[in-house]
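# Working through the structure, step by step
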Amino acid sequence: LSINSRGGSINTAMTIGRMFRTERVGITVDPKGLRVSACVLILAGAVDRIVTSGKVGIHRPYLKTMPRRSYQKKAVRESFRMMLQELRAYLREMNVSVKLADDMVAVAPERIRFLTHDDLNNYGLSGIDPAEQQIRVIGSENRDIEEAGRLGLDRREYTRRKALGIELCSLM
């Protein structure tokens with residue numbers, strides 16, 4: 001999928017990210033798109049995170065307010081602490097560096113910090129998620145074992161022939 005959003009609810013973004021993780025969805029960030037705010041949490045949930053040259057931006061999540069309602073500083077502090085705790089737990093669940101949460105908090109909500117490719121790599125927001133890589137490796141190994149058995153070859157001979165086939169095909 002390709003997403004394009006100026007942000008939204010972090011709780012909704014984490015729900016979507018978890019759905020994407022369960023369904024093993026990949027996300028492409030295309031060159032013309034803009035993904036900021038809560039959208040980075042959806043990207044974190046994807047198993048394939050392909051960021052070409054589109055913009056991915058972060059800022060501090062903020063709490064919803066209601067007009068004409070007074071808030072106690074202690075309640076705001078506790079709500080913010082809980083939100084940050086949930087955000088960090090989500091990032092750990094998605095195999096993304098929790099430093100992303102700290103860096104998000106450092107940027108005022110009315111500003112946006114656009115992430116570089118190095119930032120995306122360092123946070124773990126680009127490429128294939130490590131857990132997904134392991135699933136794919138195991139799947140590939142199972143297929144190779146089944147195919148070797150079907151052909152009546154031991155695993156070493158099957159691998160030798162497979163490598164030879166790849167080499168010969170690349171020459172054509």
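Refer to the structure printed above.
What this report covers is the structure whose coordinates are included nearby. All figures in this text were calculated on a predicted structure; none of them were measured in a lab. (Residues numbered from 1 in each chain as written. Predicted model: local features only at pLDDT ≥ 70, side-chain atom pairs only at ≥ 80, totals over all residues. Heavy atoms only, no water.)

### Observations regarding the sheet that holds strand E3 (residues 48–51)
Two pairing modes exist for strands in a sheet, parallel and antiparallel, and in both the strands are linked by backbone hydrogen bonds. Rules: A pair of strands is treated as paired once DSSP finds two or more bridges between them. For helices the rule is a DSSP run of H or I covering at least 4 residues; for strands it is a run of E covering at least 2, with both sets numbered from the N terminus onward.
Pairing is mixed in the open sheet, where 3 strands are placed in the order E1-E3-E6. The strands lining the two open edges of the sheet, one partner per strand, are strand E1 (26–29) and strand E6 (127–128). Looking at chain direction, E3 and E6 are connected through 2 bridges and run antiparallel. The residue bridging Arg49 from the neighbouring strand is Gly127, located in E6.

### Points about the nonpolar core
The line we're drawing: Only buried residues count toward a nonpolar core. Its members are Ala, Val, Leu, Ile, Met, Phe, Trp, Tyr and Cys residues joined through side-chain atoms within 4.5 Å. Exposure is judged per residue with a 1.4 Å probe applied to protein chains only, and the accessible area is read against the type maximum: over 50% gives exposed, under 20% gives buried, and values in between give partly exposed. When checking whether two residues touch, look at their non-hydrogen atoms; a contact exists if any pair is within 4.5 Å.
Ranked by size, the top nonpolar core spans 31 residues in total, and within it Val40, Leu41, Val56, Leu91, Val96, Leu100 and Leu125 carry the most contacts. For this core, the secondary structure elements donating two or more residues are helix H1 (10–23), E1, helix H2 (39–45), strand E4 (55–58), helix H3 (73–93), helix H4 (99–105) and helix H5 (117–123). Not counting chain neighbours up to four residues away, the residues in contact with Leu125 comprise Val40, Leu43, Ala44, Arg49, Val51, Val96, Leu100, Leu115 and Leu120.

### Details of the packing of H1 against H3
In plain terms, the rule: Where helices are involved, their axes are fitted lines through C-alpha atoms of the stretch in contact, as for all axes, and angles between N-to-C directions lie from 0 to 180°. Should an angle lie under 35 degrees it is considered roughly parallel, over 145 roughly antiparallel, and from 65 to 115 roughly perpendicular; all remaining angles are considered oblique. With the far helix as reference, a near helix turned anticlockwise by less than a right angle produces a left-handed crossing, and one turned clockwise produces a right-handed crossing. Under this grouping Gly is polar, as are all residues other than the nonpolar Ala, Val, Leu, Ile, Met, Phe, Trp, Tyr, Cys and Pro and the charged Asp, Glu, Lys and Arg.
Axis separation between H1 and H3 bottoms out at 11 Å; the angle between their running directions is 15°. Between H1 and H3, the angle is such that the two are roughly parallel. For the element pair H1 and H3, the recorded crossing hand is left-handed. Two secondary-structure elements touch here, H1 through Ile10, Asn11, Ala13, Met14, Gly17, Arg18 and Arg21 and H3 through Met83, Glu86, Leu87, Tyr90 and Glu93. Looking at the contact of H1 with H3 residue by residue, the classes come out as 6 nonpolar, 2 polar and 4 charged.

### A few points about the side chain of Asp129
Formally: Pairs of N or O atoms are called polar contacts if they sit within 3.5 Å, as long as, within protein, a hydrogen donor faces a hydrogen acceptor (for residues adjacent in sequence, only side-chain-to-side-chain pairs).
Residue placement: Asp129 occurs in the loop between E6 and helix H6 (130–151). With relative accessibility at 0%, the residue Asp129 sits in the buried group. At 3.2 Å, the side chain of Asp129 forms a polar contact with the side chain of Arg49. Polar contacts involving the side chain of Asp129 include one to the side chain of Asn95, which spans 3.0 Å. Setting aside chain neighbours within four positions, we find Asp129 in contact with Arg21, Ala46, Val47, Arg49, Met94 and Asn95.

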